[in-house]
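# Overview (structure and organization)
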Amino acid sequence: MRKTIGALAALALAATVVPAAQADVAPPALRAPPTPRQAEALPYKNGPVSAVAILIPDSQASEFEKPPSETPRVTKIDALKVGEIAALKLMFKGPQRDSQGRIDVTFDVDFIGPDGKTLEGGSLKDLPAYQGPVTLPDAIFDNIRAVPKMSFETKDPKGVYKAVIVLHDNIGGWNVPMTVELERL
């Protein structure tokens, strides 16, 4: 089943986990402060930090490269066929700034198979979500520099796979756990 998302949120998984290349030139995405409706779309909370993780088709990941004034338009997916690629997107707000106005947010993700075991190469740690100066502290940020991807091969068993994510506000000390599921069709 696919659902169109008009808000600022997205996430992706796969049986073949591909660590995303870190962009050398693209700055982390920064969006204006959320409207009340957008803020409700960030259901995972710990202290002042709230977040959401979703899976989207990899072909839509470029939606998050739009200017901050434009809202990314993506399709949330919860199932994937062999040959398709999903991208894991995180959206978050509320991390603490240091004395120079910077934030430091990273995340870990474990991709878990239908058997409950972590997939080979599926444990990724300390991925950069957003690290740097912030001029709009109430803005919504996303993980444009490190976007884990997932795809399935014919040999992968059908069933439900999970991405277990922990978002870390390294300055404020807040951790936000999230889980997203993806069915291999």
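Values in this document were obtained by computation on a predicted structure and should not be read as measured data. (Residues numbered from 1 in each chain as written. Predicted model: local features only at pLDDT ≥ 70, side-chain atom pairs only at ≥ 80, totals over all residues. Heavy atoms only, no water.)

### Quick look at the environment of Gln100
Quick reminder of the rule: The helix and strand labels rest on DSSP assignments: H or I over at least four residues marks a helix, E over at least two residues marks a strand, and numbering proceeds from the N terminus.
By secondary structure assignment, the location of Gln100 is in the loop between β8 (85-93) and β9 (102-112). Between the C-alpha atom of Gln100 and that of Val134, which follows or precedes it by 34 residues, the distance is 9.2 Å.

### Section: the side chain of Arg184
Operational definition: When accessible area is computed with a 1.4 Å probe and restricted to protein chains, residues below 20% of their type maximum are described as buried, those above 50% as exposed, and intermediate ones as partly exposed. Asp and Glu are treated as the negative residues and Lys and Arg as the positive ones, with His and the ends of the chain left uncounted. Any Lys or Arg side-chain nitrogen found within 4 Å of a carboxyl oxygen on Asp or Glu counts as a salt bridge. Polar contact is the term for a pair of N or O atoms within 3.5 Å; when the atoms are in protein, one must be able to donate a hydrogen and the other to accept it, and sequence-neighboring residues count only if both atoms are side-chain atoms. Here, two residues are considered to be in contact whenever any of their heavy atoms come within 4.5 Å of each other.
Mapped onto the elements of the fold, Arg184 is located in strand β14 (residues 174-184). The buried charged residue Arg184 lacks any salt bridge, with Asp156 as its nearest oppositely charged partner at 5.7 Å. Looking at Arg184, its side chain comes within polar contact range of the main-chain oxygen of Thr154, at 3.2 Å. When near neighbours in sequence (up to four residues on either side) are disregarded, Arg184 contacts Leu80, Val82, Phe152, Glu153, Thr154, Asp156, Pro157, Lys158, Gly159 and Tyr161.

### Here we look at the sheet that holds β9
Spelled out, the test is: Two strands are said to pair when DSSP picks up at least two bridges between them.
Pairing within the open sheet is mixed, and its five strands lie in the order β7-β14-β13-β9-β10. In this open sheet, the two strands that pair with only one neighbour each are β7 (79-80) and β10 (118-133). In this sheet, β14 lies alongside β7 in parallel orientation, the contact comprising two bridges. Each residue of the ladder has a partner; that of Leu80, found in β14, is Arg184.

### So, the confidence of the model for the protein chain
The predicted structure's coordinates, where accompanied by low pLDDT, should not be read in detail. To keep it simple, the criterion reads: Summary of the metric used: pLDDT quantifies the predictor's per-residue confidence within the range 0 to 100.
In this model, the protein chain carries an average pLDDT of 82, and 78% of its residues clear a pLDDT of 70 or more. Looking at the elements of the protein chain, mean pLDDT is at its lowest for strand β1 (residues 2-5), recorded as 30, and at its highest for strand β13 (residues 159-169), recorded as 98. Contacts for the low-pLDDT stretch residues 1-30, under 50 throughout, to residues beyond four places or in other chains number 127 contacts.

### Examining the nonpolar core
Rules: By nonpolar core we mean a set of buried residues, namely Ala, Val, Leu, Ile, Met, Phe, Trp, Tyr and Cys, connected to one another through side-chain atoms within 4.5 Å.
One finds Leu90, Phe92, Phe107, Val109, Ile165, Leu167 and Met178 to be the most contacted residues of the largest nonpolar core, which totals 34 residues. Looking at this core, the elements with two or more residues in it are β5 (49-57), β8, β9, β10, β13 and β14. If near-sequence neighbours (up to four positions away) are discounted, Phe92 is found in contact with Ser50, Ala51, Val105, Ala129, Tyr130, Ala139, Ile140, Phe141, Asp142 and Leu167. Counting ten residues, the second-largest nonpolar core is a separate cluster that includes Val52, Ala87, Met91 and Val147.

### A closer look at the pattern of salt bridges
In the structure shown here, the tally under the stated rule is six salt bridges. One salt bridge connects Lys66 with Glu63, and the closest N-O pair in it is separated by 2.7 Å. Judged by relative accessible area, which is 25%, Lys66 ranks as partly exposed. When the shortest N-O distance is used, the salt bridge between Lys155 and Glu153 registers 3.7 Å. On the accessibility criterion, Lys155 (68% relative accessible area) is exposed.

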